[in-house]
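Chain residues, written in single-letter form:
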Amino acid sequence: MNFDLSCIKENEPGDEIFYRREERAAMKAIIGISANHNADESLYSLREAYVISVRDAGGVPLILPALDDAMLVDEYLDICDAFIFSGGGDIDPFYWGEVPATGLGEINPLRDSFELMLARRLLLQNIPVLGICRGCQLLSVAAGGKLVQDLATGMTHEQSAPRHYPFHDILVYKETLLARILDSYEARVNSFHHQAVREAGVGMRVSARAPDGTIEAIESTDKSFQLGVQWHPEFLRDDYSQRLFRALIEAVYGAR
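What counts as what
Residues numbered from 1 in each chain as written. Predicted model: local features only at pLDDT ≥ 70, side-chain atom pairs only at ≥ 80, totals over all residues. Heavy atoms only, no water. Disulfide = S-S within 2.5 Å. Buried < 20%, exposed > 50% of the residue type's maximum accessible area, 1.4 Å probe, protein only. Phe/Tyr/Trp six-rings, centres within 6.5 Å; stacked < 30°, edge-to-face > 60°. Helix = DSSP H or I, 4+ residues; strand = E, 2+ residues; numbered from the N terminus. Lys NZ or Arg CZ within 6 Å of the ring centre and 35° of its normal. Core = buried A, V, L, I, M, F, W, Y, C linked by side-chain atoms within 4.5 Å. Contact = heavy atoms within 4.5 Å. Patch = residues over 30% accessible without salt bridge, like charges linked within 9 Å, V, L, I, M, F, W, Y side chains within 5 Å. Areas by Shrake-Rupley, 256 points an atom, 1.4 Å probe, with all protein chains shown as cover. Salt bridge = Lys/Arg side-chain N within 4 Å of Asp/Glu carboxyl O. Lys, Arg positive; Asp, Glu negative; His and termini not counted. Charge placed at Lys NZ, Arg CZ, Asp CG, Glu CD. Pairing = 2+ DSSP bridges. Right-handed = clockwise from strand over helix to strand, strands pointing away. Axes fitted to C-alpha atoms, helices over the stretch in contact; angles between N-to-C directions. Parallel < 35°, antiparallel > 145°, perpendicular 65-115°, else oblique. Left-handed = near helix turned anticlockwise from the far one by under 90°. Nonpolar A, V, L, I, M, F, W, Y, C, P; charged D, E, K, R; others polar.

Chemist: I tried to follow the state of the cysteines on my own but got confused; where do I start?
Modeler: Each disulfide is one covalent bond, formed between the sulfur atoms of two cysteines. Taken as a whole, this structure holds zero disulfides when the rule is applied. Cys133 takes part in no disulfide bond, and the closest cysteine sulfur, belonging to Cys136, lies 8.2 Å away. Judged by relative accessible area, Cys133 falls into the buried class, the value being 4%.

Right, dumping it as structure tokens:
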């Protein structure tokens, strides 16, 4: 079979980049999701619930490994329209000026340093970002906030129940981004943490608390969508959780 190739010409230098920029507005939102890192096994990992939640909300999930490479932050910023900082281990208290306390869990120096570098860049720009569990704490530390290293309030925040099971209530503050997204001033969430935000950091405010006063959500005071939640909405799959991921995607289209 013969084909007429006369209409095909070589791309000029830069044609592909120009095409990508011109068509970006019509493309689905690319959501970069930070991966966990196991230094002992040289392993990156991410639970599939994050990927499925982004896909179901209408975005394109892209898993982002941490590396000792500052230039990689620029590459991620060029590729991704929005970001999710996923859950994981504890954050080194060095980053908010404290010594390790009894009860501090395992830390990952590579993940801490790389994700904080990326988070600080995001907080300076109007780039949508959702922090989940550790990711919520990370946004606080990146903004100059502080964490509780090991909660001791008399209420457990590490549930012995399935991940999809809502474990305790939260109170959502009025006139916040979170209240607008959830369309509610209360919700029931799951809980898998022993660290928590103590101070939200510069340019951030508290938008939800648990019954014992533990901070359950923080958000930017001047950016359109920079939000951290202490629970794991990717596992709950309820209406409130789906609203969070849809709002992240919608924030991308609003910024384009």
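Chemist: Teacher, can you tell me more about the packing of aromatic side chains here?
Modeler: Taken as a whole and assessed by the stated rule, the structure comprises two aromatic pairs. The interplanar angle of 85° and the centroid separation of 5.9 Å between the aromatic rings of Tyr76 and Phe114 together place this pair among those described as edge-to-face. On the criterion of sequence distance, the pair formed by Tyr76 in helix H3 (residues 70-79) and Phe114 in helix H4 (residues 109-123) is long-range, its members being 38 residues apart. Overall, Phe114 belongs to the buried group, its relative accessible area being 3%. Aromatic pair Phe94 and Tyr95: ring centres 5.4 Å apart, planes at 75°, arrangement edge-to-face. The class of Phe94 is exposed, set by a relative accessible area of 60%. Exposure remark for Tyr95: the relative accessible area of 26% places this residue in the partly exposed category. The cationic tip of Arg163 hangs over the ring face of Phe192; the distance from NZ or CZ to the ring centre is 4.6 Å.

Chemist: Got a minute to help me understand the nonpolar core in this structure?
Modeler: Judged by nonpolar contacts, the single largest core of 34 residues is most densely connected at Ile31, Ile84, Leu130, Leu178, Phe225, Leu227 and Trp231. Among the elements that take part in this core, helix H8 (residues 239-255) stands out by supplying seven residues, more than any other. Residues contacting Phe225, with those up to four places away along its chain left out, are Ile127, Pro128, Val129, Leu130, Leu177, Ile181, Leu244, Ala247, Leu248 and Ala251. In this structure, Ile30, Phe83, Ile127 and Leu139 belong to the second largest nonpolar core, which totals 33 residues.

Chemist: Help me understand a negative patch on the surface in this model?
Modeler: There is a patch of like negative charges on the surface, built from Asp68, Asp69, Glu75 and Asp78. Its place among the elements puts Asp78 in helix H3.

Chemist: Even after reading the chapter, I still don't get the pattern of salt bridges, so can you show me in this structure?
Modeler: When charged atoms on two side chains of opposite charge get close, those side chains can pair. Summed over all chains, the structure comprises 12 salt bridges. A salt bridge links Arg121 to Asp74; the nearest nitrogen and oxygen atoms lie 2.8 Å apart. Of this pair, Arg121 sits in helix H4 while Asp74 sits in helix H3, and the two are 47 residues apart along the sequence. Of the charged contacts in the structure, one is a salt bridge between Asp239 and Arg246, with a shortest N-O distance of 4.0 Å. For Asp239, a relative accessible area of 42% puts it in the partly exposed group. Overlapping salt bridges, with partners in common, bring together Arg111, Asp112, Glu115 and Arg134 in one network.

Chemist: Can you walk me through the pairing of strand E6 (residues 129-132) in this structure?
Modeler: Remember that side chains alternate between the two faces of the sheet whenever the strand is regular. Judged by which residues are buried, E6 turns out to be covered on both faces: Val129 and Gly131 on one side and Leu130 and Ile132 on the other are all buried. Strand direction decides the pairing type here: strand E5 (residues 82-85) and E6, joined by three bridges, are parallel. Note on E6: the bridge partner recorded for Ile84 is Leu130. Regarding topology, H4 serves as the crossover connection from E5 to the parallel E6, and that connection is right-handed. When E6 meets strand E13 (residues 226-229), the two strands line up parallel, connected through four bridges. By the bridge assignment for E13, Val129 is matched with Gln226.

Chemist: Got a minute to help me understand the packing of H3 against H4 in this structure?
Modeler: How two helices sit against one another is set out by the angle between their axes and by the gap between those axes. The interhelical angle for the contact between H3 and H4, taken along N-to-C directions, is 45°, at an axis separation of 10 Å. One way to sum up the angle between H3 and H4 is to call them oblique. Both H3 and H4 take part in a crossing whose hand is right-handed. Where H3 approaches H4, its residues Ala70, Leu72, Val73, Asp74, Tyr76 and Leu77 are matched on the opposing element by Phe114, Met117, Leu118, Arg121 and Leu122. In terms of residue class, the contact of H3 with H4 is built from nine nonpolar, no polar and two charged.

Chemist: Explain the environment of Leu123 to me, please; I cannot follow it from the model alone.
Modeler: Tracing the chain through its elements places Leu123 in helix H4. Each C-alpha atom, one on Leu123 and one on Met204, is 9.7 Å from the other, the two residues being 81 residues apart in sequence. In contact with Leu123, other than residues within four places in its own chain, are Leu139, Ala142, Ala143, Met204, Lys223 and Gln226.

So far we have only geometry, and geometry alone does not tell us how the molecule works.
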